[in-house]
Amino acid sequence: MSNNLLSGKRGVIFGALDEQSIAWKVAERCVEEGASITLTNAPVALRMGKIKDLAEKLNTEVIAADATSMEDLENLFEKSQEILGGKLDFVLHSIGMSINVRKKREYTDLKHDWMLKTFDISAISFHKMMQTLWKMDAVNDWGSILGLTYIAAQRTFPDYNEMAESKALLESFARSFGYHYGLRNKVRVNTISQSPTWTTAGSGVKGFSEFFGYADKMSPLGNASAGACADYCVTLFSDLTRSVTMQNLYHDGGFSNMGMNPAVLDL
Ligand SMILES: NC(=O)c1ccc[n+]([C@@H]2O[C@H](COP(=O)([O-])OP(=O)(O)OC[C@H]3O[C@@H](n4cnc5c(N)ncnc54)[C@H](O)[C@@H]3O)[C@@H](O)[C@H]2O)c1
């Protein structure tokens, strides 16, 4: 169902790997709502993932960029503006990867050089992306920038490991850059704190299945799906949310405000 909420808008979507990726659903919904977009992902994801199928389906282009490389980011935003025919109106950062989680290191036995790489990919890339956009003056006034995060930034979820600190950093970058970008260009910057979702990144977390089931039972609305997250992203890219900025917005079926739900006690 389309309401043309993004008619005439131009955007860049980071992080679509396969059909399960949250960014995949966001890209589909944005185009459905009338936006023109480019897709981007790390060079390795272009080789291994299915992003080219998505590009074909949406009749758009894929530009490879390692989100930790300033050079790649400059090239990405330059090419995107050329292809789309002008400055951008929205950008989605949907990137997460932990080396220590991938290598199954316990939280009390992490390798700190891997931790720094995790922070660079999962959080500092958000700052790098915004700084590049800022210096190129590549976003129209009243544009919207979004990052995806998880409630482990505020509460302890032991198996989320060093991604908890990555998300805390990501959310902080949204607030700090949101101040500067708001002041100069009325550009808003927010993070969406999403329910556990079955994706490549999500299911890489130890005990994800139990984790997913627990959150689903605990939340009065159940876990928010990737499709529902895409709908929420569309509203935040649209002109209907022009005064929302520097926020961490929970999209989690009510999980974040629950204390106890008898459903989880299995009585
Ligand atoms: N799945 C969940 O349970 C869940 C919950 C809350 C938040 N999130 C967040 O949503 C976002 C998207 O993840 P997802 O669940 O759709 O999984 P996903 O695995 O489909 O997406 C993660 C993406 O990050 C990309 N990426 C990794 N390293 C990169 C780099 N150096 N440069 C550019 N891209 C790189 C991957 O190629 C992939 O496309 C992440 O920030 C994740 O932390 C996920």
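As a reminder, the structure under discussion sits directly above these lines.
Now for a description of the structure that goes with this document. What you see is a predicted model, and the numbers here were worked out from it, not measured in a lab.

What counts, and where the lines are drawn
Residues numbered from 1 in each chain as written. Predicted model: local features only at pLDDT ≥ 70, side-chain atom pairs only at ≥ 80, totals over all residues. Heavy atoms only, no water. Helix = DSSP H or I, 4+ residues; strand = E, 2+ residues; numbered from the N terminus. Rg over C-alpha atoms; globule rule 2.2 N^0.38 Å. Buried < 20%, exposed > 50% of the residue type's maximum accessible area, 1.4 Å probe, protein only. Contact = heavy atoms within 4.5 Å. Areas by Shrake-Rupley, 256 points an atom, 1.4 Å probe, with all protein chains shown as cover. Near = heavy atom within 4 Å. Polar contact = N/O pair within 3.5 Å; in protein donor to acceptor, adjacent residues only side chain to side chain. 1 Å grid on protein atoms, 1.4 Å probe; cavity = no way out; pocket = protein on both sides within 12 Å on 5 of 7 lines; lining within 4 Å. Sits in = over half its atoms within 2 Å of the grid points. Axes fitted to C-alpha atoms, helices over the stretch in contact; angles between N-to-C directions. Parallel < 35°, antiparallel > 145°, perpendicular 65-115°, else oblique. Nonpolar A, V, L, I, M, F, W, Y, C, P; charged D, E, K, R; others polar. Phe/Tyr/Trp six-rings, centres within 6.5 Å; stacked < 30°, edge-to-face > 60°. Points joined across faces, edges and corners; volume = space filled by probe spheres on them. Pairing = 2+ DSSP bridges.

### What about the overall build of the protein?
Working step 1: When helices and strands are counted, the protein shows 10 helices and seven strands.
Working step 2: Taken over C-alpha atoms, the radius of gyration comes to 18 Å for the protein, in line with the 18 Å a tight globule of 267 residues would show.
Working step 3: Overall size of the protein, expressed as C-alpha extent along the three principal axes, is 55 × 40 × 40 Å.
Working step 4: In the protein, which comprises 267 residues, the share counted as buried stands at 51%.
Working step 5: Sequence-distant contacts in the protein: of pairs separated by 6 or more residues, those separated by 24 or more amount to 75%.
Working step 6: Working note: accessible area of the protein is about 12400 Å², and carbon and sulfur atoms make up 52% of it.

### Remarks on the site of the ligand
Working step 1: Near the ligand, the surroundings consist of 27 residues, among which Ser-21, Asn-41, Lys-167, Thr-197 and Thr-199 are the closest.
Working step 2: With respect to the ligand, the side chain of Lys-167 contributes an N or O atom lying 2.8 Å from an oxygen atom.
Working step 3: Isolated, the ligand exposes 820 Å² of accessible area, and the fraction of that covered by the protein chains is 92%.
Working step 4: With respect to the detected pockets, the ligand is housed in the largest pocket.
Working step 5: Considering each element in turn, the shell around the ligand owes the most residues, three residues, to helix H8 (residues 200-203).

### Describing the packing of helix H1 (residues 22-32) against helix H3 (residues 51-58)
Working step 1: Two elements in contact, H1 and H3, have axes whose closest approach is 11 Å; the angle formed by their N-to-C orientations is 10 degrees. Between H1 and H3, the angle falls in the class roughly parallel. In contact with Trp-24, Ala-27, Glu-28 and Val-31 of H1, H3 contributes Ile-51, Asp-53, Leu-54, Lys-57 and Leu-58.
Working step 2: Of the residues assigned to the contact of H1 with H3, the class counts are six nonpolar, no polar and three charged.

### Thoughts on the packing of aromatic side chains
The geometry of two aromatic rings is summed up by the distance between their centres and the angle between their planes.
Working step 1: One pass over the structure, following the stated rule, counts 15 aromatic pairs.
Working step 2: Residues Tyr-150 and Phe-157 carry aromatic rings whose centres are separated by 5.5 Å and whose planes lie at 55 degrees to one another, so their mutual orientation is tilted. Each member of the pair Tyr-150 and Phe-157 is classed as buried.
Working step 3: The interplanar angle of 50 degrees and the centroid separation of 6.1 Å between the aromatic rings of Phe-208 and Phe-211 together place this pair among those described as tilted. With a gap of three residues between them, Phe-208 and Phe-211 both fall in helix H9 (residues 208-218), about one helical turn apart.
Working step 4: Residue classification places Phe-208 among the buried positions, given a relative accessible area of 6%.
Working step 5: In this structure Phe-211 comes out as buried when scored by relative accessible area, which is 17%.

### Examining empty space enclosed by the protein
Working step 1: Within the structure shown, the criterion is met by one cavity of 30 Å³ or more.
Working step 2: Reported here for the largest cavity is a volume of approximately 70 Å³.
Working step 3: Every residue lining the largest cavity is listed: Tyr-150, Ile-151, Ser-193, Gln-194, Ser-195, Pro-196, Ala-215, Ser-219, Asn-223, Tyr-250, Asp-252 and Phe-255.
Working step 4: Of the residues in the lining of the largest cavity, the class split is six nonpolar, five polar and one charged.

### Here we look at the layout of surface pockets
Vacant regions in the atomic arrangement are exposed by a probe of water-molecule size rolled over the atoms.
Working step 1: If you add up the space inside the largest pocket, you get close to 1300 Å³.
Working step 2: Forming the boundary of the largest pocket are 46 residues, of which Ile-95, Gly-96, Met-97, Thr-200 and Ala-201 lie nearest the centre.
Working step 3: For the lining of the largest pocket, the residue count by class is 23 nonpolar, 17 polar and six charged.
Working step 4: If you add up the space inside the second largest pocket, you get close to 200 Å³.
Working step 5: Lining the second largest pocket, in full, are Val-101, Lys-104, Arg-105, Glu-106, Tyr-107, Pro-158, Asp-159, Asn-161, Gly-204 and Lys-206.
Working step 6: When the residues that make up the lining of the second largest pocket are grouped by side-chain class, the tally is three nonpolar, two polar and five charged.

### Focus: unusual backbone geometry
Working step 1: Of note, Asn-4 is a non-glycine position whose phi angle comes to about 55 degrees, a positive value.
Working step 2: Along the chain, Asn-4 falls in the segment before strand E1 (10-14).
Working step 3: Backbone geometry places Asp-137, a non-glycine residue, at a positive phi of 50 degrees.
Working step 4: Looking at the element boundaries, Asp-137 is found in the loop between helix H6 (112-136) and strand E5 (139-149).

### Side note on the sheet that holds E1
Working step 1: Read from one edge of the open sheet, seven strands run E3-E2-E1-E4-E5-E6-E7, paired in parallel fashion. One side of each edge strand has no neighbouring strand; the edge strands of this open sheet are strand E3 (61-64) and strand E7 (248-251). Recorded for the sheet is a direction-independent mean angle of 20 degrees between the axes of neighbouring strands.
Working step 2: In the sheet, strand E4 (residues 88-93) pairs with E5 via five bridges, with the strands oriented parallel. Counterpart to Leu-88 in the pairing with E5 is Val-139.
Working step 3: H1 rests against E1, strand E2 (36-41), E4, E5 and strand E6 (188-194) of the sheet, and its axis sits at about 165 degrees to E1.

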